[in-house]
Amino acid sequence: MDTSPLRRCPALLGLAGALLLSAPAAMAAAPSSHARDASPVSGAAGGTVHQVDRFKRQLTKAGYVSQEGSEAVFDLNKRYCEGAVFSGLWPNPQSPYIVTNMPEVPGQAPNTNPPVTWRLRQDEAVVLIGTTPPPEEYFSFDLTNVKGSLHTGPVVWTSVGDPINNKTVKTTGGSPYNRPFAVVITGNGRTRDEVNHMLEASGLGGEINDMTIPPAMYKLGLDADADQFLVGTRTIVPEHGYEKALDDYRANPPIQVLRVRPQSTSGDETKPVYGPDPLPVPDLRVSGTGATELDLNPALQTLRQRIIDAHPGFDVHDEVVERGFEESNPGLQDNLLTDPPTTGVDGLSNDADDPLTRNFSLPDGSFAVAYGANHVVTGQASYSSVTFNADAHAAVALAAQNNIDLQGTANDYIPDQADAAKLYAWSFTRAGDSGPSGPHVTTLPPVSTDFCAQYGAERPVDLSTIRVVARAYMQPDTLTRPALSSLLLDRVLVFTPKCKD
């Protein structure tokens, strides 16, 4: 069997096809027992309307002013097709990002990417008050720093400290889901203390989650040289029975956003009222426990060979994921640019390891099988997935399968192996009847498909060029990303029809 890199063959027959949904239709089921105390909410601020009103009164009493922001899904596939961003930046189609949109302060230097990125006066704070998402495998609130234009690229996009996730968030009651919470984002100690006191007086004392923008690492201010920030909310894989609740949450996020600051007596809102009171750089959660998945390697090699043996009519070559992004703090210091197909530190959550393959060709008539360890089953992650992205520069998402979908799929090839339950194998095909079939197969659109037509746009996307991203979010024991050295790296076998002599 030829396992060399892809050879040039005559043009392959184009196949009609359509993109299938990457996850099977959800079956109606009762919510899991640990989440049954999570009652639904609705409205712009969910079940926290009264607390928001009281907080606004507290702000007025304390001599603060505020401006209202908003929350909305930022679909990178759609925004790329519309020409709003220079690249889709390898998004996760199972987790459309909810982004905080922020108004500018009168007189400030214009933001580079309004309203999704924003500068912050050194004595200002951004406050989110609302309800957390419904029960799901993973959610997080990520504070990031964005340097550069999302419209023209390239960018440096790094996490500012650890995200707040569903295992670390402070809420009311015994559940992290559908519960009131508040987030305070600032770099000024006096401002934080005063805002926290006002939130406590508003009835949110036990639900305050502080996020720090440390002045030692970032330049706060409203001038053109100041850093700009973005808050993104990830919501991934609802529990059975909560699929519609998550759709509703994304469509109308129940979160009130306010930028608050002590009111200037001079009328110039760009000038700080309080002197510097820099908050220190927070400690980071430490990734990795020392335990690894590497004992699964013999079973993985058996799985690889069985996949190859199952498709004798094709040439095959291997693609292995590798580290695609530097960690955020080193990436920030090294000013690592992301400009697809170059990676860097783009949008990298400190809760996730996102290794990825090189770009490879997947023409009509071919297919690929992603396989590897199911990182949730092994205990290395709370959520994992494999995503097929298209176009070296556009880097838009075509399809994804998550750990729930992938569970048990290695039994298609290695039912006789003791470790089969810890591995997965899933096919992504353009090979029609000559390729793989069955419940563990996703049909990709033909390379001639106009990807952006679904958004009413005409921007070209090269669907023949593929890059695979393997995500592993939040190790349960550490509540942060798994150590990459502990993971048995996901892999891809690419099958193309044999060239005829």
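Residue positions within a chain follow its written sequence, with the count starting from 1. Two thresholds apply to this predicted model, a pLDDT of at least 70 for residue-level local features and 80 or more for giving and counting side-chain atom pairs, whereas whole-chain, interface and lining totals are computed over all residues. Only hydrogens and water are set aside when side-chain values are computed; all heavy atoms of the structure are taken into account.

1. Structural notes on the overall build of the protein chain
Where helices and strands are cited, they refer to DSSP runs of H or I of at least four residues and of E of at least two residues respectively, numbered from the N terminus. A count of helices and strands for the protein chain gives seven helices and 21 strands. Radius of gyration here is computed from C-alpha atoms only, and the compact-globule reference equals 2.2 Å multiplied by the residue count raised to the power 0.38. Relative to the compact-globule value of 23 Å for 501 residues, the protein chain shows a C-alpha radius of gyration of 24 Å, a close match. When its C-alpha atoms are laid out on the principal axes, the protein chain stretches across 85 × 45 × 40 Å. Working rule for contacts: check all heavy atoms of both residues, and any pair within 4.5 Å makes them a contact. In the protein chain, of all internal contacts separated by at least 6 residues, the share reaching a separation of at least 24 is 81%. Here the protein chain displays about 19600 Å² of accessible surface, and carbon together with sulfur accounts for 52% of that area. In summary, the charge assignment counts Lys and Arg as positive and Asp and Glu as negative, without counting His or the chain termini. Charge coordinates come from a single atom per side chain, which is NZ of Lys, CZ of Arg, CG of Asp or CD of Glu. Averaged over its 38 positive side-chain charges, the protein chain has a centre that lies 3 Å from the centre of its 58 negative ones. For the accessible areas, the method is Shrake-Rupley and the probe is 1.4 Å, while residue cover comes only from the protein chains on display.

2. Quick look at the environment of His 317
Position of His 317 relative to the elements: it lies in strand β12 (residues 314-320). Polar contacts, as used here, are pairs of N or O atoms within 3.5 Å; protein pairs need one atom able to donate a hydrogen and one able to accept it. Residues neighboring in sequence count only if both atoms are side-chain atoms. At a separation of 3.1 Å, a polar atom in the side chain of His 317 contacts the side chain of Glu 319.

3. Notes on the layout of surface pockets
A cavity here means a set of points on a 1 Å grid, drawn over the protein atoms and nothing else, where a 1.4 Å probe fits but cannot get out; a pocket is an open set with protein on both sides within 12 Å along at least five of seven lines, and a residue lines either one if it has an atom within 4 Å of a point. Grid points are joined across faces, edges and corners, and a volume is the space filled by probe spheres set on the points. In this structure, the second largest pocket spans a volume of roughly 360 Å³. Taken together, 17 residues make up the lining of the second largest pocket; nearest its centre are Asp 162, Ile 164, Asp 210, Met 211 and Arg 285. A per-element tally of the lining of the second largest pocket places strand β9 (residues 208-212) first, with five residues. Residue polarity follows a fixed list, in which Ala, Val, Leu, Ile, Met, Phe, Trp, Tyr, Cys and Pro are nonpolar, Asp, Glu, Lys and Arg are charged, and the others, Gly among them, are polar. Looking at the lining of the second largest pocket residue by residue, the classes come out as seven nonpolar, four polar and six charged.

4. Some details on the pairing of strand β20 (residues 465-473)
Three labels apply to residues, based on accessible area from a 1.4 Å probe with only protein chains included: buried if under 20% of the type maximum, exposed if over 50%, partly exposed otherwise in between. Summarising burial for β20: nine of the nine residues are buried, a large majority. Pairing of strand β13 (residues 352-353) with β20 involves two bridges; the strand directions are antiparallel. Paired with Asp 353 across the bridge in β20 is Ala 472. One ladder, built from two bridges, connects strand β14 (residues 360-361) with β20; its direction is antiparallel. Residue Ser 361 lies in a different strand from β20, and its bridge partner there is Thr 465. Relative to β20, strand β16 (residues 383-390) runs antiparallel, the two being bridged by eight bridges. Directly across from Ser 385, in β20, lies its bridge partner Arg 471. For two strands to count as paired, DSSP must find a minimum of two bridges between them.

5. Description of empty space enclosed by the protein
Enumeration over the complete set of coordinates arrives at three cavities of 30 Å³ or more. For the lining of the largest cavity, the secondary structure elements donating two or more residues are β3 (97-101), β5 (136-147), β10 (229-238) and β20. For the lining of the largest cavity, the class distribution of residues is 12 nonpolar, four polar and five charged.

6. Examining the state of the cysteines
By definition, disulfides here are pairs of cysteine sulfur atoms that lie within 2.5 Å. Summed over the entire model, instances satisfying the criterion amount to one disulfide. In this model, Cys 81 is linked to Cys 452 through a disulfide, with the two sulfur atoms separated by 2.1 Å. Here Cys 81 and Cys 452 share a disulfide; its torsion about the S-S bond, -75°, makes the bridge left-handed. On the criterion of sequence distance, the pair formed by Cys 81 in helix α2 (residues 76-81) and Cys 452 in the loop between β19 (441-443) and β20 is long-range, its members being 371 residues apart. With respect to burial, Cys 81 and Cys 452 carry one shared label: buried.

7. Quick notes on the sheet that holds strand β21 (residues 491-497)
Across the sheet, which stays open at both edges, the five strands sit in the order β12-β21-β15-β18-β19 with mixed pairing between neighbours. Edge positions in the sheet fall to β12 and β19, since each has one partner strand and no second. Strand after strand, the sheet turns through a mean of 20° between neighbouring axes, direction not considered. The sheet contact formed by strand β18 (residues 423-429) and β19 spans three bridges and is parallel. Each residue of the ladder has a partner; that of Phe 428, found in β19, is Thr 442. Lying on the sheet, helix α5 (residues 297-309) is in contact with β12, β15 (367-373), β18 and β21; it crosses β21 at an angle near 15°. Interaxial angle, 0 to 180 degrees, is taken between N-to-C directions of lines fitted to C-alpha atoms, where a helix line uses only the stretch in contact.

8. Here's the deal with the packing of aromatic side chains
For Phe, Tyr and Trp, where Trp contributes only its six-membered ring, two rings pair if their centres lie within 6.5 Å, and the inter-plane angle classes them as stacked under 30 degrees, edge-to-face over 60, or tilted in between. In the structure shown here, the tally under the stated rule is 13 aromatic pairs. Measuring from ring centre to ring centre gives 5.7 Å for Tyr 218 and Phe 229, while their planes differ by 70°; the resulting arrangement is edge-to-face. Highlighted residues: Tyr 218 in the loop between β9 and β10 and Phe 229 in strand β10, separated in sequence by 11 residues. Like Phe 229, Tyr 218 is buried.

9. Some thoughts on helix α4 (residues 243-251)
Residue pairs three or four apart in sequence face the same way in an α-helix, which turns once every 3.6 residues. All buried positions along α4 are accounted for by Leu 246, Tyr 249 and Arg 250. Each buried residue of α4 sits inside an arc of 95° when the element is viewed along its axis, so together they form one side. Residues of α4 that are exposed and angled more than 90 degrees away from the buried face: Lys 244 and Ala 251. Buried positions along α4 lie against β2 (70-74), β3, β4 (125-131), β5, β10 and β11 (255-262). Within this analysis, the arc is defined by the directions that extend from the helix axis to the C-beta atoms.

10. So, the packing of helix α1 (residues 49-61) against helix α3 (residues 189-201)
It is the contact of α1 with α3, at a shortest axis distance of 8 Å, that shows an interaxial angle of 135°. The orientation of α1 with respect to α3, classified from their angle, is oblique. The hand of the α1/α3 crossing is right-handed. Judged by residue contacts, Phe 55, Gln 58 and Leu 59 of α1 engage Val 195, Met 198, Leu 199 and Ala 201 from α3. Its residues assigned to classes, the contact of α1 with α3 shows six nonpolar, one polar and no charged. An angle counts as roughly parallel when it lies under 35 degrees, as roughly antiparallel when it exceeds 145, as roughly perpendicular when it falls between 65 and 115, and as oblique in every other case. For a crossing to be left-handed, the near helix must be turned anticlockwise from the far one by less than a right angle; the clockwise case is right-handed.

11. Considerations on the side chain of Thr 387
Note on placement: Thr 387 falls in strand β16. The exposure class of Thr 387 is buried, given its relative accessible area of 0%. Apart from residues no more than four positions distant in its own chain, Thr 387 is found in contact with Pro 91, Asn 92, Pro 93, Ala 397, Ala 399, Ala 400, Arg 467, Val 468, Val 469 and Arg 471.

12. Points about the pattern of salt bridges
Salt bridges are defined as contacts in which a side-chain nitrogen from Lys or Arg sits within 4 Å of a carboxyl oxygen from Asp or Glu. For the structure on display, the rule yields 19 salt bridges. In this structure, Asp 142 engages Arg 234 in a salt bridge whose closest nitrogen and oxygen atoms are separated by 3.1 Å. Here Asp 142 is found in strand β5, whereas its partner Arg 234 is found in strand β10, with 92 residues between them in sequence. Arg 234 shares its class with Asp 142; the two are buried. Taking the shortest distance from any N to any O, the salt bridge between Arg 306 and Asp 416 comes out at 3.0 Å. Of the two residues, Arg 306 is situated in helix α5 and Asp 416 in the loop between α7 (403-406) and β18; the sequence distance between them amounts to 110 residues.

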